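Read off the chains here:
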Amino acid sequence: MSAKGTPHGASAKHGGIDKSAEVRTYLIIFGCLAVLTLLTVGVAYMELPHAAGVVIALVIAAAKVFLIGSFFMHLRGEGKLINWSVAVCCALVLILIVFVLPDLGIHPAEEAMRDLSHALEGQHAHYPAAPGGAAPAAH
Amino acid sequence: MSTAIAETNTGISNAKLGTWSFLASEIMLFGGLISAYVILRSGSAHMVVPPRSMMGIPLATFNTFALITSSVTMVLALAAIQEGNIARFQRWLLCTIGGGVIFLCVKAYEYQHKWEEGITISSNLFGSFYYTLTGLHVVHVTGGLFLMAYLLWAGTRGEFTPESHDRVECAGLYWHFVDLVWVILFPILYLL
């Protein structure tokens with residue numbers, strides 16, 4: 001609840017707050033959502049590696065969800081009770097997905113760490129061996 | 001509205017708290033189905049995803065725009081009633097209903113074509129999830145349209161004022177949620 005007692009971030013002109021500014025914000029958010037939608041479709045048609053495509057599409061979807069929730073559903077103006085209720089629900093849904101993935105042989109955290117260590121090792125391989133030290137292992 | 005808020009312990013009107021509780025249960029309903037889809041899509045050999053050319057991405061993109069636009073017109077309708085402008089409120093509400101109807105019409109066309117191309121609810125795991133997820137969403141859109149029609153009717157009877165428009169606010173929350181669900185369904189069903 002915004003402004004305790006004022007509904008929905010309510011800000012009617014009669015309440016002394018300029019409504020046109022709020023309407024302008026809605027239109028800007030609409031523009032952002034439209035651009036993000038086009039971006040999602042554009043990325044899907046690009047020849048990106050599958051994993052990268054999935055990550056980008058999900059990040060864009062999360063950004064759109066954030067914009068709709070924050071501005072259209074006025075969550076940013078709500079109190080702790082509603083925000084926490086929504087956060088707990090989202091956390092439970094994430095648990096439903098993430099905690100089952102290892103059972104499928106998918107270990108997101110381990111894979112991310114492995115990718116990172118491979119990237120770092122690859123970076124080291126570009127440097128000449130330190131005098132007296134062992135040359136970095138090639139992968 | 002302000003009187004009702006003053007009477008509650010939480011400082012939130014009962015209508016709004018009830019709506020958010022309902023939406024919380026809806027998050028778990030769609031969340032459960034979406035997580036099942038994601039898990040099976042990642043790990044099941046029975047999940048045969050049709051090629052993109054069969055999925056009708058341009059139509060689905062158009063539908064996404066229709067729903068996003070209807071979400072904006074809904075929030076503009078709320079802004080209008082908060083200003084006490086009934087005529088504008090009804091105009092924006094009609095636009096919202098129009099967006100929802102366009103979405104349903106396109107969906108019906110899409111279902112017919114998918115069915116003809118062999119993507120049915122019993123064709124494989126993808127078909128089951130596609131029709132279950134989008135079908136459940138269509139049920140929600142249809143319910144939302146009835147809600148909007150009711151608001152339009154109540155608006156003509158002069159039931160909403162800048163001080164009392166709880167029902168418009170709660171219906172708006174529901175409609176934005178329906179839009180939000182589609183924003184997630186669109187990439188995971190059509191684009192990935």
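Residues numbered from 1 in each chain as written. Chains lettered and ligands numbered in written order. Predicted model: local features only at pLDDT ≥ 70, side-chain atom pairs only at ≥ 80, totals over all residues.

1. Some remarks on the overall build of chain A
Point 1. Across its full length, chain A carries four helices and zero strands.
Point 2. Reading chain A from its N terminus to its C terminus gives the helix and strand order α-α-α-α.
Point 3. Across the 139 residues that make up chain A, the buried fraction comes to 18%.
Point 4. Summarising the internal contacts of chain A: among those between residues at least 6 apart in sequence, 37% fall at separations of at least 24. (Helix = DSSP H or I, 4+ residues; strand = E, 2+ residues; numbered from the N terminus. Buried ≥ 20, exposed ≤ 12 C-beta atoms within 10 Å, placed from the backbone. Contact = placed C-beta atoms within 7 Å.)

2. Considering the overall build of chain B
Point 1. Scanning chain B from N- to C-terminus turns up seven helices and zero strands.
Point 2. Reading the secondary structure of chain B in the N-to-C direction produces α-α-α-α-α-α-α.
Point 3. Projected onto its principal axes, the C-alpha coordinates of chain B cover approximately 60 × 35 × 20 Å.
Point 4. By the burial criterion, 39% of the 192 residues in chain B qualify as buried.
Point 5. Considering only residue pairs separated by 6 or more positions, chain B has 77% of its internal contacts joining residues 24 or more positions apart.

3. Quick look at helix 1 (residues 19–45) of chain A
Point 1. Taking 1.5 Å per residue as the helical rise, helix 1 of chain A with its 27 residues ought to reach 39 Å, and the 40 Å between its terminal C-alpha atoms agrees with that figure.
Point 2. Those residues of helix 1 of chain A lying buried are E22, I29, F30, L33, T37, T40 and V41 of chain A.
Point 3. The inward-facing, buried residues of helix 1 of chain A abut helix 2 (50–72) of chain A together with helix 4 (57–83) and helix 7 (166–191) of chain B. (Expected span 1.5 Å × (residues − 1).)

4. Focus: the interface of chain A and chain B
Point 1. Residue-level contacts link 44 residues of chain A with 42 residues of chain B.
Point 2. For the side of chain A that touches chain B, the secondary-structure elements that each account for two or more residues are helix 1, helix 2 and helix 3 (80–98) of chain A.
Point 3. Among the elements that make up the side of chain A that touches chain B, the one with the highest residue count is helix 1 of chain A (eleven residues).
Point 4. Here the side of chain A that touches chain B is built from residues that sort into 30 nonpolar, nine polar and five charged. (Nonpolar A, V, L, I, M, F, W, Y, C, P; charged D, E, K, R; others polar.)

5. Observations concerning helix 5 (residues 86–116) of chain B
Residue and element names in this part refer to chain B.
Point 1. Taking 1.5 Å of rise per residue, 31 residues should cover 45 Å, and helix 5 covers 45 Å from first to last C-alpha, within 8% of that figure.
Point 2. For helix 5, every residue scored as buried is listed here: F89, W92, L93, T96, I97, G99, G100, F103 and K114.
Point 3. Looking at the buried side of helix 5, the elements it contacts are helix 4, helix 6 (125–156) and helix 7.
Point 4. A positive backbone phi angle near 95° is found at G118, which sits one or two residues after helix 5.

6. Describing the environment of L96 of chain A
Point 1. You can see L96 of chain A is positioned in helix 3.
Point 2. Judged by the 17 C-beta atoms lying within 10 Å of it, L96 of chain A falls in the partly exposed class.

7. A short note on the packing of helix 4 of chain B against helix 5 of chain B
Residues and elements named next belong to chain B.
Point 1. Put simply, helix 4 and helix 5 touch, their axes get as near as 8 Å, and they point 160° apart. Between helix 4 and helix 5, the angle is such that the two are roughly antiparallel. Here helix 4 runs over helix 5; the crossing is left-handed.
Point 2. For the contact of helix 4 with helix 5, a count of residues per class yields 16 nonpolar, seven polar and three charged. (Axes fitted to C-alpha atoms, helices over the stretch in contact; angles between N-to-C directions. Parallel < 35°, antiparallel > 145°, perpendicular 65-115°, else oblique. Left-handed = near helix turned anticlockwise from the far one by under 90°.)

8. Quick look at the environment of I56 of chain A
Point 1. Along the polypeptide, I56 of chain A turns up in helix 2.
Point 2. In this structure, the C-alpha to C-alpha distance between I56 of chain A and L39 of chain A, residues 17 residues apart in sequence, is 9.7 Å.

9. Brief notes about the confidence of the model for chain B
All names here are of chain B.
Point 1. Per-residue pLDDT for chain B has a mean of 91; in total, 97% of the residues score no lower than 70.
Point 2. Taken element by element, chain B is modelled with least confidence in helix 1 (residues 2–7), mean pLDDT 53, and with most confidence in helix 6, mean pLDDT 96.
Point 3. Interface confidence in the predicted complex, given as ipTM, is 0.90; pTM for the same model is 0.83. (pLDDT = per-residue confidence, 0-100.)

10. Let's talk about the confidence of the model for chain A
All names here are of chain A.
Point 1. Per-chain confidence: chain A averages 75 in pLDDT, with 63% of residues scoring 70 or above.
Point 2. Across chain A, the secondary-structure element scoring lowest on mean pLDDT is helix 4 (residues 108–125), at 64, and the one scoring highest is helix 1, at 92.
Point 3. Note that pLDDT drops below 50 for residues 1–16; the model gives that stretch 35 contacts with residues more than four away or on any other chain.

11. Here we look at the environment of Y45 of chain A
All names here are of chain A.
Point 1. Among the structural elements, Y45 can be located in helix 1.
Point 2. We classify Y45 as exposed; it has 11 C-beta atoms within 10 Å.
Point 3. C-alpha separation for the pair Y45 and H74, spaced 29 residues apart in sequence, amounts to 33 Å.

12. Concerning the packing of helix 4 of chain B against helix 7 of chain B
Residues and elements named next belong to chain B.
Point 1. For the pair helix 4 and helix 7, interaxial distance at closest approach is 10 Å and the crossing angle is 165°. With respect to helix 7, the element helix 4 is oriented roughly antiparallel. Remark: the crossing between helix 4 and helix 7 carries left-handed chirality. On the side of helix 4, the interface is formed by I57, A60, T64, L67, I68, S71, M74, V75, A77, L78 and I81, while helix 7 contributes V168, E169, G172, W175, H176, D179, W182, F186, Y190 and L191.
Point 2. Looking at the contact of helix 4 with helix 7 residue by residue, the classes come out as 15 nonpolar, four polar and two charged.

13. Some words on unusual backbone geometry
Residue and element names in this part refer to chain A.
Point 1. Its identity as a non-glycine residue notwithstanding, H74 has a phi of 60°, on the positive side.
Point 2. Mapping H74 onto the fold places it in the loop between helix 2 and helix 3.
Point 3. For H74, a count of 22 C-beta atoms within 10 Å translates into the label buried.

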